Amino acid sequence: MSFFHKFYNAGDAPPQIFNKTLYLAVFIFGVLGCARGYDEGYIGGIEAKAPFQSQFGLDDLTKSETELANLRSNIAAMVQLGSIGGCLLAMYLVDKFGRIRTLQGVCVGWIVGSVIQITSKNVGQLYAGRLIEGLSIGQTVVIGPCYMSEIAPKNIRGLCTCIFAGSVYLGSMLSNFINYGCALHLPTDSPKQWIVPTAIKIVIAGLLAIGSLLCHESPRWLVKQGLINESGTVLSKIRHLPSTHPYILCEVGDIQEQIDIEDEATQSVSKWHVFKELIMVKSIRYRMLLALSAQVLSQWSFAGSITVYFPELVALAGVRGTDRLLYSSILGVVKLTSAYLGAFFVIDLLGRKKALYIGITIQMLATLYFAIFLQIIPDAIEDDVQLTGSRKHAGLGALAMLYITGVGWTLGWNSIQYLINAEMLPLRVRNIGTATIMAFHFANQYGNTKALPSMLISLTPAGTFFFGVGVLALGLLWAFFFLPEIAGRSLESMEDLFNLPWYLIGRRGAELCPDNSGIAHVKEAESGELDIKQNDEFIENASDQSVDDTMTSKQKKGKSLCNQEFIPQIPPCA
């Protein structure tokens, strides 16, 4: 076994499944995260530029400090507002048209919104363009994680989904450096200072649309549409295995079994009924509450708002002028690097919970330092104050802590908020559930993006960041008591885990309910021959008939190809 396979716990899977077709699809749908990240990084930079301020009234001396703060937050948060609708729209579109076609529609909408912004002559048109852009960006957080969780082998599913989360900071880094480059090389009074960074969105959207033509549709979506043969063919292409290979048959069988059982339980059921399942079915309700609470705790730790308003926040540490854009660019590099280091070396290696513990702890300590600095040296926020001596060193430390909050965020909350949405929901409600969760995500992001400028005034800068520290402390307790470890589980094995009593799921769920899906028991031996894992928990072949006699009609109908042909029946989780 190679070092690569050992590192990613891939020894129980055929090596062919880790191939260029999979990696190309992961790259295209992973880079989709740039859509959100680019706007988060660029909007704070262009709001600090004189031509943009003049064009849209941000330098109006007749407006009060509060009015200017509201105008600035309205412009910045309009994309988040549109993203709420985009998430809800995505839950229909991805089911109706599939993941690929929906992505292509998103790219068109993103281009239209960008053109409207570039041609804006007043703030009303700017709002409209950013709202339309938000409708597209909101869909990306549903399409990207869902698609990658559905095509990625379970061994590296966390890694693949984190590629999307990390690409948020690839977009942020690009936009920050483009802002900084424009500030250095274009006339300071030219509208190109903000038009050029906005126009780059059209280029990124066009490249993503072209790249989507090289990807295959999600096999799970094809099975849900009744296209079983097509699903097997597509999965064979993605996995680089023959369509008759046991791994392919087991994976398609697991998907089909889950869908058959769900279809029998939900025949003639409306979309509204499926939506009600999110609340009425105990195991799904727990998952929804888990994901929604994760959005509240993560977003109100202010990590996203720090990215949006970073040029203003570094001024609190004594940074002035164009250097604010340079330091914003460095933040993009720091977050991108830590996000992908976490994706490659932490998320799947240590597991979701340990990664979250590490990330929250780093973010909380760094935020606490920044809050204490602002409390002890409140005059650092004044433009005419020059920090000297120990105060200057403390200011440099505070600036470093802003970067370290980004490291903690990318290792912890940023990865988890996407992973648990895509991984833990059953297929019949995955799109609706993910869309609802991400709509709630953007509602919270809209709220704290709108709130932060006002909170810095009313609570003082120090009080605002002490508030963030309190939220992070609650996040640690939440992770310990309620979040189960789901690293390495197949998507079809989650039901048993979340049917445990609620007080056991987070602390002992993985121990009490190991993964018993069919695909979890297919092992490719080093010699290349198929080896079926056996242990005392398996029912021997001799008892298969008695198992069949006791199966319900629902279980018989959904019995997978894998269970029939390749492995003995596995008892349900106790």
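Residues numbered from 1 in each chain as written. Predicted model: local features only at pLDDT ≥ 70, side-chain atom pairs only at ≥ 80, totals over all residues. Heavy atoms only, no water.

Database annotation for the chain, UniProt heading Sequence similarities (unreviewed entry): "Belongs to the major facilitator superfamily. Sugar transporter (TC 2.A.1.1) family." Under Subcellular location (unreviewed entry), UniProt gives the following word-for-word description of the chain: "Membrane". (UniProt positions renumbered as here; feature names shortened; annotations may be inferred.)

Here the focus is the overall build of the chain. Helix and strand content of the chain: 27 helices and two strands. Taken over 574 residues, the chain has a buried fraction of 57%. For the chain, the exposed surface amounts to about 22,200 Å²; the carbon and sulfur share of it is 64%. (Helix = DSSP H or I, 4+ residues; strand = E, 2+ residues; numbered from the N terminus. Buried < 20%, exposed > 50% of the residue type's maximum accessible area, 1.4 Å probe, protein only. Areas by Shrake-Rupley, 256 points an atom, 1.4 Å probe, with all protein chains shown as cover.)

In this section: the pattern of salt bridges. Applying the stated criterion to the full structure yields nine salt bridges. Across the pair Arg130 and Asp39 runs a salt bridge whose closest N-O atoms are separated by 2.7 Å. In this pair, Arg130 is assigned in helix H6 (residues 123–151) and Asp39 in helix H3 (residues 34–47), connecting sequence segments 91 residues apart. Just as Arg130 is buried, Asp39 falls in that class too. Glu150 serves as the salt-bridge partner of Arg99, at 2.7 Å between the closest nitrogen and oxygen. On the criterion of sequence distance, the pair formed by Arg99 in helix H5 (residues 65–118) and Glu150 in helix H6 is long-range, its members being 51 residues apart. Overall, the relative accessible area of 0% leaves Glu150 in the buried class. Members of the salt-bridge network, linked through shared partners, are Asp39, Arg130, Glu133 and Lys201. (Salt bridge = Lys/Arg side-chain N within 4 Å of Asp/Glu carboxyl O.)

Two numbers describe how helix H22 (residues 460–482) lies on helix H24 (residues 502–512): the axes approach to 6 Å, and their chain directions differ by 95°. When the axis of H22 is compared with that of H24, the two are roughly perpendicular. Judged by residue contacts, Phe480, Phe481 and Phe482 of H22 engage Trp502, Gly506 and Arg507 from H24. When its residues are assigned to classes, the contact of H22 with H24 shows four nonpolar, one polar and one charged. (Axes fitted to C-alpha atoms, helices over the stretch in contact; angles between N-to-C directions. Parallel < 35°, antiparallel > 145°, perpendicular 65-115°, else oblique. Contact = heavy atoms within 4.5 Å. Nonpolar A, V, L, I, M, F, W, Y, C, P; charged D, E, K, R; others polar.)

Next up on the list: the environment of Gln117. Considering the arrangement of structural elements, one finds Gln117 in helix H5. For Gln117, a relative accessible area of 0% translates into the label buried. Measuring from C-alpha to C-alpha, the distance between Gln117 and Leu131 comes to 9.9 Å, with 14 residues separating the pair along the chain. The residues contacting Gln117, other than those within four sequence positions of it, are Tyr42, Leu126, Gly129, Arg130, Glu133, Trp194, Thr198 and Lys201.

On to helix H16 (residues 323–345), then. Compared with an ideal rise of 1.5 Å per residue, which puts 23 residues at 33 Å, H16 spans 33 Å between its outermost C-alpha atoms and is within 8% of the ideal. Among all positions in H16, only Leu325, Ser328, Ser329, Leu331, Gly332, Lys335, Leu336, Ser338, Ala339, Gly342 and Ala343 are buried. (Expected span 1.5 Å × (residues − 1).)

Okay, the packing of aromatic side chains next. Taken as a whole and judged by the stated rule, the model has 13 aromatic pairs. Aromatic ring contacts, followed pair by pair, group Phe52, Phe56 and Trp194 into a single cluster. (Phe/Tyr/Trp six-rings, centres within 6.5 Å; stacked < 30°, edge-to-face > 60°.)

What follows concerns the environment of Ala479. Along the polypeptide, Ala479 turns up in helix H22. Residue classification places Ala479 among the buried positions, given a relative accessible area of 0%. The sequence separation of Ala479 and Arg352 amounts to 127 residues, and the corresponding C-alpha distance is 9.7 Å. Once residues lying within four places of it in the same chain are set aside, the contact partners of Ala479 are Lys353, Leu356 and Tyr357.

Look at H3 against helix H8 (residues 192–212): their axes get within 10 Å of each other, and the N-to-C directions meet at 170°. It follows that H3 is roughly antiparallel to H8 by the angle criterion. Contacts between H3 and H8 involve Tyr38, Asp39, Tyr42 and Ile46 from the first element and Trp194, Pro197, Thr198, Ile200, Lys201 and Ile204 from the second.

The next point concerns the environment of Glu150. Between the C-alpha atoms of Glu150 and Trp221, which are 71 residues apart in sequence, the distance is 8.6 Å. Within the structure, the side chain of Glu150 is placed 2.6 Å from the side chain of Ser218, a separation counted as a polar contact. (Polar contact = N/O pair within 3.5 Å; in protein donor to acceptor, adjacent residues only side chain to side chain.)

So, about a nonpolar patch on the surface. On the surface, Leu474, Leu477, Phe480, Phe481, Phe482, Trp502 and Tyr503 cluster together into a nonpolar patch covering about 740 Å² of accessible area. Elements represented by at least two residues in the nonpolar patch include exactly H22 and H24. The element best represented in the nonpolar patch is H22, accounting for five residues. Considering the arrangement of structural elements, one finds Phe480 in helix H22. (Patch = residues over 30% accessible without salt bridge, like charges linked within 9 Å, V, L, I, M, F, W, Y side chains within 5 Å.)

A separate point is unusual backbone geometry. Excluding glycine, residues mostly carry a negative phi; peptide bonds, for their part, are mostly trans. Unlike most non-glycine residues, His240 shows phi in positive territory, near 60°. Positive phi, close to 75°, is recorded for Thr460, a residue that is not glycine. Mapped onto the fold, Thr460 is located in helix H22. Taking the relative accessible area as the measure of exposure, Thr460 reaches 39% and is therefore partly exposed.

Turning to the nonpolar core, a few remarks are in order. Side chains of a nonpolar character, in soluble globular proteins, are inclined to be buried together. Ranked by size, the top nonpolar core spans 134 residues in total, and within it Phe29, Phe52, Tyr147, Leu356, Trp413, Trp478 and Phe498 carry the most contacts. Element by element, the count of residues in this core is highest for H5, at 12 residues. Counting contributing residues per domain, this core is built from domain 1 (16–215) and domain 2 (269–508), each supplying no fewer than three. In contact with Phe29, not counting residues within four places along its chain, are Arg99, Ile100, Leu103, Ile143, Gly144, Tyr147, Met148, Phe164 and Cys215. (Core = buried A, V, L, I, M, F, W, Y, C linked by side-chain atoms within 4.5 Å. Domains from an automatic or database assignment.)

Take the confidence of the model for the chain next. Taken over all residues, the pLDDT of the chain has a mean of 79, while the share at 70 or more is 81%. Ranking the elements of the chain by mean pLDDT puts helix H25 (residues 544–550) last, at 38, and H8 first, at 94. The low-confidence segment residues 524–574 (pLDDT under 50) makes 83 contacts with residues lying over four places distant or belonging to another chain. (pLDDT = per-residue confidence, 0-100.)

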